[in-house]
Amino acid sequence: MLAENLSDLFQRYLEFAYDGEQQIAKEMPRIIDAVSAAHLRTAFEHSTEQCGTHARRIEKVFACLDRAAAAETNHAIRSIMSESEKLIKHIDRSPLLDTALIILANELRHNEIVLYGALASLARLQGWGEIAGLLEQTLAEEKAADEALTNLAVNLINPEAVGFQNSPHGVVII
Ligand SMILES: [Fe+2]
């Protein structure tokens, strides 16, 4: 039985969120290495730092519930990370790759926003005020980071990719 009640369901999605934070923290350095634009590198470095804070908050939530922290494979995040490996392998380091990686970073944030939004709501429903507060704090940070990435993409990163042509022999500008 995956879940018999809301509390079980909450725990299951908390485990997905915990695994997601861990996967992102582990994989981001590889993604940061592939970035060209300094602004994007800084944004990604900030994201990676946040993962540690978010994981610690999840551990506090487990502690509040008197349960040991546990992770359940977050396949959505795993799939996005596997796409990142393909992008880095097949697109030269360029504004085009930066554009692809920022789309991917938004996808990661969206997965986290869904999870934290649902978890915060379920915690409120069950009267777990302290837990809901912790999750709402993370949710607000995920939303702010998502918006910052979108602004960076629209105003700076995506326009740089216009006119670039990926080539097996390196990047050429049309
Ligand atoms: Fe996070």
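This part is about the coordination of the iron ion. Distances from the iron ion to its protein donors, namely Glu21 (OE), Glu21 (OE), His54 (ND1), Glu112 (OE) and Glu142 (OE), fall within the range 2.1 to 2.6 Å. All donors of the iron ion belong to a single chain; written as a sequence motif, their spacing is E-x32-H-x57-E-x29-E. Taken together, the residues span a long stretch of sequence, with Glu112 in helix α4 (residues 95-125) and Glu142 in helix α5 (residues 129-161) at a distance of 30 residues. With respect to class, Glu112 is no different from Glu142; both count as buried.

Once that is clear, we can look at unusual backbone geometry. As a rule of thumb, non-glycine residues mostly have phi less than zero, and peptide bonds are mostly trans rather than cis. Phi angles above zero are rare outside glycine, and Asp66 is one such case at about 60°. Summarising the element assignment, Asp66 is placed in the loop between α2 (38-64) and α3 (75-90). For Asp66, a relative accessible area of 72% corresponds to the exposed category.

Let us now look at the side chain of His54. Inspection of the secondary structure puts His54 in helix α2. Assessed through its relative accessible area of 1%, His54 is described here as buried. A polar contact of 3.2 Å, which involves the side chain of His54, links it to the side chain of Glu21. Engagement of the side chain of His54 in a polar contact is seen with the side chain of Glu141, the distance being 2.8 Å. Discounting chain neighbours no more than four positions away, the residues touching His54 are Glu21, Arg109, Tyr116, Thr138, Glu141 and Glu142.

Counting across every chain of the model gives 7 salt bridges. Notably, a salt bridge pairs Arg56 with Glu59, separated by 2.9 Å at the nearest N-O pair. Of the two residues, Arg56 and Glu59 both sit in helix α2, 3 residues apart, roughly one turn of that helix. Taking the relative accessible area as the measure of exposure, Arg56 reaches 46% and is therefore partly exposed. Note that Arg109 is salt-bridged to Glu112, the shortest N-O span being 3.8 Å. Of this pair, Arg109 and Glu112 both sit in helix α4, 3 residues apart, which is roughly one turn of that helix.

The rules behind these values
- Residues numbered from 1 in each chain as written.
- Predicted model: local features only at pLDDT ≥ 70, side-chain atom pairs only at ≥ 80, totals over all residues.
- Heavy atoms only, no water.
- Donors = N, O, S within 2.8 Å, 3.2 Å for Na, K, Ca; no water.
- Helix = DSSP H or I, 4+ residues; strand = E, 2+ residues; numbered from the N terminus.
- Buried < 20%, exposed > 50% of the residue type's maximum accessible area, 1.4 Å probe, protein only.
- Polar contact = N/O pair within 3.5 Å; in protein donor to acceptor, adjacent residues only side chain to side chain.
- Contact = heavy atoms within 4.5 Å.
- Salt bridge = Lys/Arg side-chain N within 4 Å of Asp/Glu carboxyl O.

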